[in-house]
Amino acid sequence: ATPMSIMTGTGKGAQNGILVKNAEALETFEKVDTIVVDKTGTLTEGRPELVMVEPAQGIDESEMLRLVGAAEIGSEHPLAEAIVKGARARGHKFAAASDFSSVTGEGIEASVGKRRVAIGNAKMMRRVGAYDPIMADAAETARAKGRTVMFVAIDGKPAGLIGVADPIKPTSARAIGRLHAAGIRVVMLTGDSEATARAVANEVGIDEVHADVSPADKNRIVGELKAAGKTVAMAGDGINDAPALAAADVGVAMGTGTDVAIESAGMTLVRGDLEGLAQAHRLSSATMRNIR
Ligand code: ADP
Ligand code: MG
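Here the structure is a predicted model, which is why all the values come from computation and not from measurement.

A.B. asks: In this structure, what is going on with the packing of aromatic side chains? I would like to understand it.
C.D. replies: Taken as a whole, this structure holds 0 aromatic pairs when the rule is applied. When the ring centre of Tyr-131 is taken as origin, the NZ or CZ atom of Arg-126, which lies over that ring, is 4.2 Å away.

A.B. asks: What should I look at first to understand the nonpolar core in this one?
C.D. replies: Grouped burial of nonpolar side chains is what soluble globular proteins tend to show. With 35 residues, the main nonpolar core has Phe-29, Ile-35, Val-37, Ile-206, Met-267, Leu-274 and Leu-277 as its most contacted residues. Once you skip the residues sitting within four places of it in the chain, Leu-277 turns out to touch Phe-29, Ile-35, Val-37, Leu-179, Ala-235, Val-252 and Leu-269. Leu-67, Ala-87, Phe-94 and Ile-162 belong to the second-largest nonpolar core, a separate cluster that totals 25 residues.

A.B. asks: I tried to follow the sheet that holds strand β8 (residues 157-165) on my own but got confused; where do I start?
C.D. replies: Sheet strands associate in pairs through backbone hydrogen bonding, adopting either a parallel or an antiparallel arrangement. Here 6 strands make up an open sheet; going across it, the order is β3-β8-β7-β6-β5-β4 and the pairing antiparallel. Each edge of the open sheet is held by one strand with a lone partner, namely β3 (49-55) and β4 (97-103). Across the sheet, the mean angle separating the axes of adjacent strands is 20 degrees when strand polarity is ignored. Where β3 and β8 come together, 6 bridges link them in antiparallel fashion. Looking at β8, one finds that Glu-54 is bridged to Leu-161. Lying on the sheet, helix α4 (residues 61-72) is in contact with β3, β4, β5 (107-112), β6 (115-120), β7 (148-154) and β8; it crosses β6 at an angle near 80 degrees.

A.B. asks: Help me out: how do you make sense of the environment of Thr-287 in this one?
C.D. replies: With respect to the helices and strands, Thr-287 occurs in helix α13 (residues 275-291). For the pair Thr-287 and Thr-10, spaced 277 residues apart in sequence, the C-alpha separation works out to 8.9 Å. Residue contacts for Thr-287: discarding those within four places in its chain leaves Ser-5, Ile-6, Gly-9 and Leu-26.

A.B. asks: When you look at the packing of helix α8 (residues 172-181) against α13 in this model, what are you seeing that I'm missing?
C.D. replies: With their axes 7 Å apart at the nearest point, α8 and α13 run at an angle of 30 degrees to one another. Considered as vectors, α8 and α13 are oriented roughly parallel to each other. Of the residues in α13, those in contact with Arg-174, Ala-175, Arg-178 and Leu-179 of α8 are Glu-275, Leu-277, Ala-278 and Arg-282. Among the residues making up the contact of α8 with α13, the classes are represented as 4 nonpolar, no polar and 4 charged.

Parameters at a glance
- Residues numbered from 1 in each chain as written.
- Chains lettered and ligands numbered in written order.
- Predicted model: local features only at pLDDT ≥ 70, side-chain atom pairs only at ≥ 80, totals over all residues.
- Heavy atoms only, no water.
- Phe/Tyr/Trp six-rings, centres within 6.5 Å; stacked < 30°, edge-to-face > 60°.
- Lys NZ or Arg CZ within 6 Å of the ring centre and 35° of its normal.
- Core = buried A, V, L, I, M, F, W, Y, C linked by side-chain atoms within 4.5 Å.
- Buried < 20%, exposed > 50% of the residue type's maximum accessible area, 1.4 Å probe, protein only.
- Contact = heavy atoms within 4.5 Å.
- Pairing = 2+ DSSP bridges.
- Helix = DSSP H or I, 4+ residues; strand = E, 2+ residues; numbered from the N terminus.
- Axes fitted to C-alpha atoms, helices over the stretch in contact; angles between N-to-C directions.
- Parallel < 35°, antiparallel > 145°, perpendicular 65-115°, else oblique.
- Nonpolar A, V, L, I, M, F, W, Y, C, P; charged D, E, K, R; others polar.

Given below as structure tokens:
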């Protein structure tokens, strides 16, 4: 590619909120036939709100929210922010937590006073020996509405459910429609559960969903698509997306996302919405046409 055309393309991109870090990303995008998108913070706003607090029998709701809020202060995950904000809005104040640990894509653990609190998905509950099938059933029901539902364990025992709702970005469905019209297959990858992922996928028109995937799985799935001969772009916002962003033929970070994601990507969508993907595809075609 001639440096001049690439510079022109890069400049046009910048005017439209598409920051091109690697010239190669701009060159490759026109050949992309598969786009892998993360759910939370990419298809959705990534600003979830606390909408459901269901303590298990014998657990006090206020106590549960205070412990969970105290523990989640240590996490930078958007889910954690939602929980802390929601608990504060309900008038709760938190004690200091200690011995915080987090497992990316699963959840967190911390000590609050004498209690050990864990919050996260089924994997996290299995990790702390507090997986409860009856609670898992209740979680599934709430997930069918597109909510993200997390389990809470206190001192290694199931203690309840916490649900957050993360609105879908108003541009997501249209963007997916444009990508489909350009003949591009769109695949959702998420660390969230199958039921929640399906509900969101149905709303935006994505038909291929991989749920409950770890950050390493995201990376692996991108690798498998490439091995199957696909040219793959990956769009994501989180620390958990960074390895997959780096592994894709074109990594596209949301400008609203984490620094780690932006560093791992060849391109950043400043506005942080997926309409930029369809634009980037057109920009790449136009740039390469200029060169040929
Ligand atoms: P996504 O791929 O949709 O961006 P993540 O991989 O970041 O999602 O998270 C996957 C799942 O792990 C979440 O749906 C949640 O159940 C759990 N999880 C991750 N971080 C936290 C946290 N700080 N508190 C509670 N649960 C968490
Ligand atoms: Mg995300």
